[in-house]
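Remarks on the overall topology
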Amino acid sequence: MEHVFNQGKSSNVLLLLHGTGGNEKDLLPLAEMIDGEASVLSVRGNVSEQGMPRFFKRLREGVFDEEDLLFRTEELHQFIDWAATEYGFSRNEVIAVGYSNGANIAGSLLFHYEQPFKGAILFHPMVPRRGVSLPTMSNLPVFIGAGSNDPICAPEETKELDQLLSKEGAHVTVHWEQNGHQLTKQEVESARDWYQEKL
Ligand code: MLT
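This write-up is about the structure you can find in this document. (Residues numbered from 1 in each chain as written. Predicted model: local features only at pLDDT ≥ 70, side-chain atom pairs only at ≥ 80, totals over all residues. Heavy atoms only, no water.)

Thoughts on the site of the ligand
- Every residue close to the ligand is listed here: Thr20, Arg54, Phe56, Arg58, Glu61, Gly62, Phe64, Ser100, Asn101, Asn104, Met126 and Ile152.
- Within the side chain of Thr20, one N or O atom sits 2.5 Å away from an oxygen atom of the ligand.
- Here an oxygen atom of the ligand and a side-chain polar atom of Glu61 are 3.0 Å apart.
- The residue makeup of the shell around the ligand, split by class, is 4 nonpolar, 5 polar and 3 charged. (Near = heavy atom within 4 Å. Polar contact = N/O pair within 3.5 Å; in protein donor to acceptor, adjacent residues only side chain to side chain. Nonpolar A, V, L, I, M, F, W, Y, C, P; charged D, E, K, R; others polar.)

Looking at the packing of aromatic side chains
- Going through the model one piece at a time under the given rule, you end up with 7 aromatic pairs.
- Geometrically, the ring pair formed by Phe5 and Tyr87 is stacked, given 4.3 Å between the ring centres and 10 degrees between the ring planes. A residue pair is termed long-range when its members are at least 10 positions apart, and Phe5 in strand β1 (residues 3–6) and Tyr87 in helix α2 (residues 66–87) qualify at 82 residues.
- Note on Phe5: relative accessible area 17%, which makes it buried. (Phe/Tyr/Trp six-rings, centres within 6.5 Å; stacked < 30°, edge-to-face > 60°. Helix = DSSP H or I, 4+ residues; strand = E, 2+ residues; numbered from the N terminus. Buried < 20%, exposed > 50% of the residue type's maximum accessible area, 1.4 Å probe, protein only.)

This is the structure:
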């Protein structure tokens, strides 16, 4: 997959996953804000929706192509394993930082693999899939940045995702903003404070 890897000074590795229409450069300033010492693996989604990179196909806004979601989730999982060997970082030190579509593929990794991450920061995520049993997530720290007026990820869906992850043992912190689907500076600062405490 197209990506950027920047070696850091600490053992933590921030896995950056952009939103629809973004690329592997978009979230680099976020990594600097959250943890300037960590290594950074920033990936570009392999799917193109009318020229806009994404991490998996959708049938329409908010309705995911489940077959492609599963295929791309496995593809990204394998890519992270490959990158760990290639760049010499520990697979157990990866912390996902995803926004929107990137948060949704990170959520899908959590739904389909046992402890794929040491922690996860999900900005404006949705429930990636329903009706499946989830792996255990004992003590997994998860930060969710949400919008009480987000037209894409309704607050009810945020609460549903919180419940689904918490039920499996994840320690979920939800931070609410009132700026729709936008990723705000306050939200990132709140994620940074959470990260400094938990990771
Ligand atoms: C998705 O398709 O993953 C969500 O609707 C968020 C987005 O608009 O990318």
